[in-house]
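Examination of the molecular architecture
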Amino acid sequence: MFKVIKRSELAPTEVEMIIEAPRIATKALAGQFVILRIDEFGERIPLTIVDTNSEKGSIRLIFQVIGKSTAQLARIRAGENIKDLVGPLGKATEIDNYGNVLLVGGGVGIAALFPIIKAMKKAGNHVTTILGAKTAELVLLAKECQTYSDELIIMTDDGSLGTAGIVTDAMEKIFQQQNIVKAWAIGPSKMMKYCTLTAQKYQVPIYVSLNPIMIDGTGMCGGCRVTIADTIKFACVDGPEFLGNEVNWDEFSKRMKQYQKEEVSAFKRYQK
Ligand code: FES
């Protein structure tokens, strides 16, 4: 059992949880994730580790309520427990002093990007961060991202914060102004695909973090398979980060929608 120490709502559908998990807290690196199960009948939910506190033995998770399992998770209060929490899983981001790096986060993907921003800054990089969301209230962790960024650009669809527009508009400007060595993008698959195309235009390698359905998280079930450079890979052990230009985006998008009908009807049943 893993105790929820703190629970707060960052936005109407975005929930933050601090969970007691001392062994994970001492080992986790930027880019890694956990798989949790609320109870013994629960679906397995993969979530990026946003932050750790090894002294307190806790990890920080942020998720969006998008279906039955995340709605159920959001109902867990401080002091209550989660049955299983496995991690840290996946390969960590390769952190190094590259020089000028660009980090792009969209929606709840900002939470997954935050540990990379922090680690890149600590490694001595010049960090430019672009955060994008539909509205101001969905721009998560803006202040914390600002702390670890040399430059922070915010884009919202409706212009309620920062500039009205999409993250690729800001990427174009940064690529024209700076000699960016490497870039990372985390967010919805469509956003990551277009970030990849923009980076490719400027011949900058860009890494994306893929979040397909996961079951065991150990490379055994094949549930998280993705095609990378025409080869089958498992996001849980080979990823979750891959070079964006090597991802088969059409297949990935299709697989992400594979159980959409079932997910919608399970959520409706749960909400009744
Ligand atoms: Fe089973 Fe990756 S989750 S192989």
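Residues numbered from 1 in each chain as written. Predicted model: local features only at pLDDT ≥ 70, side-chain atom pairs only at ≥ 80, totals over all residues. Heavy atoms only, no water.

**Things to note about the domain arrangement of the protein chain**
- Here the protein chain is described as being made up of domain 1 (2–89) and domain 2 (93–183).
- Between the C-alpha centres of domain 1 and domain 2 there is a distance of 24 Å.
- Each partner contributes to the interface: domain 1 provides 14 residues, whereas domain 2 provides 15 residues.
- Here domain 1 and domain 2 share an interface that buries about 1100 Å² over both sides, 64% of which is from carbon and sulfur atoms.
- Run the count over domain 1 and domain 2 and you get two salt bridges.
- In this structure, K118 and D51 form a salt bridge, with 3.1 Å as the shortest nitrogen-oxygen distance.
- Counting across the interface, domain 1 meets domain 2 through three residue pairs in polar contact (both at pLDDT 80 or more).
- Those elements giving two or more residues to the side of domain 1 that touches domain 2 turn out to be β1 (2–11) and β6 (58–64). (Domains from an automatic or database assignment. Contact = heavy atoms within 4.5 Å. Buried area = accessible area lost by both parts, 1.4 Å probe. Salt bridge = Lys/Arg side-chain N within 4 Å of Asp/Glu carboxyl O. Polar contact = N/O pair within 3.5 Å; in protein donor to acceptor, adjacent residues only side chain to side chain. Helix = DSSP H or I, 4+ residues; strand = E, 2+ residues; numbered from the N terminus.)

**A short note on the UniProt feature "binding site: [2Fe-2S] cluster" (unreviewed entry) in the protein chain**
- Taking the numbering used here, the UniProt-annotated feature "binding site: [2Fe-2S] cluster" (unreviewed entry) corresponds to C221, C224 and C236. A compact arrangement is adopted by the annotated residues: their sequence extent is 16 residues, whereas the largest C-alpha distance between any two is 10.3 Å.
- The topology assignment puts C221 in the loop between β14 (206–209) and β15 (225–228).
- Judged by relative accessible area, C221 falls into the partly exposed class, the value being 37%. (UniProt positions renumbered as here; feature names shortened; annotations may be inferred. Buried < 20%, exposed > 50% of the residue type's maximum accessible area, 1.4 Å probe, protein only.)

**Focus on the pairing of β14**
- Note: strand β13 (residues 182–186) against β14, three bridges, orientation parallel. Bridge pairing in β14 places A183 opposite I206.
- Taken together, β13, helix α6 (residues 189–201) and β14 constitute a β-α-β crossover, and its handedness is right-handed.
- Pairing between β14 and strand β17 (residues 241–243): three bridges, direction antiparallel. When the sheet's bridge partners are listed, S209 is paired in β17 with E241. (Pairing = 2+ DSSP bridges. Right-handed = clockwise from strand over helix to strand, strands pointing away.)

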